[in-house]
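# Coordinate inspection notes
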Amino acid sequence: MIPPKVIAEVGCNHKGDLMIAKQMINVAASFSGVDVIKFQKRNPQEALSPNQYNSVHPVPENSYGQTYGAHREFLEFTVDQHRELKATCEENRVEYSSSVFDLTSAKEIASLNPRFIKIPSQGNLRFGMLEYLCDEYHGDMHVSFGMTTHLEEQEIVEVFVKKGRAKNLVIYSCTSGYPVAHEDLCLLEIVRLKNTYGSTVKEIGFSGHHNGIAADVAATTLGVSWIERHFTLDRTWKGTDHAASLEPDGLRRLVRDVRNVSKALEYKHQEILDSEMPNRNKEKYTAEKYVAQR
C-alpha cells in the first residue's frame, strides 16, 4: 500500500510572524518528516461579508485586532512573503501549498505555481473561484467537504467534471470544528466518498481537527491518500486553531504510524514468510515431526 502523504497545516498558527512560519517549516520538515507544509491566503475584504469583517472575534482572547477583519488582516502574509515561504520549503526539501478563501487569493497563489492548491470547506461553494482554478491553474486542486451537504458535494464535483479537471481533484472527508470530538469524525464518510466519487476524482483525503492521532491511523486503513492536520509549535499559543493542532512530536508520531500501518496493510505473499521459518523449524509441532517421532 502506498502510504498517505501527510500535510502539516500551519494555516495562521504562525501568529503573523514570518520568522515563526519559517521555523515551523524547518521543524515540520526535518523533525516531523511531513510531505507538505500548507499555509492560508485570504483577502479579508473579499472573503468576509461587511458584517463579519466589522464584528468582534467570537473568542476575543484569541483576536489579534479590534474586529474580526482586523484580526484576519494581521495574520495575512503578502504574495511575496508566500514566495519566501515556498522557497524555504524547497530549501527544506518539502512541498509548499496554501489554502485559498477567495478569488483574489486563488489568483495570487496560482501565480506561485505550487503542485496543488487547497480549497477549504468554508470556500468550497465559491464556484467562480473553482471555475477560475479549473481554467487557469494546471496543478491539482484539493477540496474539503466539511459542513457540506451531499447535494453540494455533487455540485462541486460536477464543476470539475464539466471543466475536464476531475482527475485533478482530491476531495477530503472533514468535520469542521476546533477541536472535533471523536464521535463526530465519522470516518466511514471516507468509505462513502470512495464509493460515490472514487472512480471520478483523483484521490480521497482526510482532514482532521481532532485530538490525538488514532483516527489518522484508522483513516489510513480506510484507504485515504492524504492526511491533513493542523500544526503548531505550542498548543498554548494565542489563536483559534492551536487547540486542534499537533505539536512537533505528535506530528512526528503520526507520520511514523501511518507509514508503518501502510506497510502492514497487505496479504502474506507466501504461506509461510521467511521471517517465520526459524521459529517454525524450531518450535512448531508439524505433521512431519509427528511422523518422524513414530
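Computed from a predicted model, the values in this text were never measured in an experiment.

Take the overall build of the chain next. If you tally the helices and strands in the chain, you get 13 helices and eight strands. Each of the three principal axes of the chain carries a C-alpha extent, and together these read 90 × 45 × 40 Å. By the burial criterion, 48% of the 294 residues in the chain qualify as buried. In the chain, the share of contacts with a sequence separation of at least 24, taken over all contacts with a separation of at least 6, comes to 68%. For the chain, the accessible surface area stands at approximately 14,400 Å², while carbon and sulfur atoms represent 51% of it. Within the chain, the 39 negative side-chain charges are centred at a point lying 6 Å from the centre of the 35 positive side-chain charges.

Moving on to helix H6 (residues 103-110). If you check which residues of H6 are buried, you get Ser-105, Ala-106, Ile-109 and Ala-110. One face of H6 carries all of its buried residues, which in axial projection span an arc of 130°. The elements touched by buried residues of H6 are strand S2 (36-41), helix H5 (79-91), strand S3 (95-100), strand S4 (116-119) and helix H7 (127-136). You can read the cap of H6 off the contacts: a side-chain oxygen lies 3.3 Å from the backbone nitrogen of Thr-104, and it is on Asp-102.

Membership of the largest hydrophobic core comes to 61 residues, with the highest contact counts inside it found for Val-34, Ile-37, Leu-133, Phe-160 and Phe-231. No other element matches helix H1 (residues 18-32), which puts eight residues into this core. Discounting chain neighbours no more than four positions away, the residues touching Phe-231 are Ala-8, Glu-9, Val-10, Asn-13, Met-24, Val-27, Ala-28, Ser-245, Leu-246, Glu-247, Pro-248 and Leu-251. Core analysis: the second largest hydrophobic core is formed by six residues, Ile-7, Val-36, Tyr-172 and Trp-226 among them.

Attention now goes to the layout of surface pockets. Taken as a whole, the largest pocket encloses approximately 880 Å³ of empty space. Around the largest pocket sit 41 residues that line it, and Arg-42, Tyr-68, Arg-72, Gln-122 and Tyr-178 are the ones nearest its centre. Contributing elements (two or more residues each) for the lining of the largest pocket: S2, helix H4 (68-75) and strand S8 (226-230). Element by element, the count of residues in the lining of the largest pocket is highest for H4, at four residues.

Consecutive side chains of a regular strand alternate in pointing toward one face of the sheet and then the other. Counting buried positions along strand S6 (residues 169-174) yields six of six residues, so the element is predominantly enclosed. On S6, burial covers both faces: Leu-169, Ile-171 and Ser-173 on one face and Val-170, Tyr-172 and Cys-174 on the other are all buried. The sheet contact formed by strand S5 (residues 140-144) and S6 spans four bridges and is parallel. Bridging from a neighbouring strand, Val-143 pairs with Ile-171 of S6. Bridge count for S6 against strand S7 (residues 203-208) is five bridges, and the pairing is parallel. Looking at S7, one finds that Ile-171 is bridged to Ile-204. After leaving S6, the chain enters helix H9 (residues 189-197) and then returns to the sheet as S7, a path that is right-handed.

Let us now look at the pairing of S5. Of all five residues in S5, five are buried; the element is thus mostly enclosed. Where S4 meets S5, four bridges bridge the pair, whose relative direction is parallel. Within the sheet, the bridge partner assigned to Ile-119 lies in S5 and is Val-143. Each parallel crossover has a hand, and the one from S4 via H7 to S5 is right-handed. Read from S5 through helix H8 (residues 150-162) to S6, the crossover connection turns out right-handed.

Rules of the game
Residues numbered from 1 in each chain as written. Predicted model: local features only at pLDDT ≥ 70, side-chain atom pairs only at ≥ 80, totals over all residues. Heavy atoms only, no water. Helix = DSSP H or I, 4+ residues; strand = E, 2+ residues; numbered from the N terminus. Buried < 20%, exposed > 50% of the residue type's maximum accessible area, 1.4 Å probe, protein only. Contact = heavy atoms within 4.5 Å. Areas by Shrake-Rupley, 256 points an atom, 1.4 Å probe, with all protein chains shown as cover. Lys, Arg positive; Asp, Glu negative; His and termini not counted. Charge placed at Lys NZ, Arg CZ, Asp CG, Glu CD. Arc of directions from axis to C-beta. Polar contact = N/O pair within 3.5 Å; in protein donor to acceptor, adjacent residues only side chain to side chain. Core = buried A, V, L, I, M, F, W, Y, C linked by side-chain atoms within 4.5 Å. 1 Å grid on protein atoms, 1.4 Å probe; cavity = no way out; pocket = protein on both sides within 12 Å on 5 of 7 lines; lining within 4 Å. Points joined across faces, edges and corners; volume = space filled by probe spheres on them. Pairing = 2+ DSSP bridges. Right-handed = clockwise from strand over helix to strand, strands pointing away.

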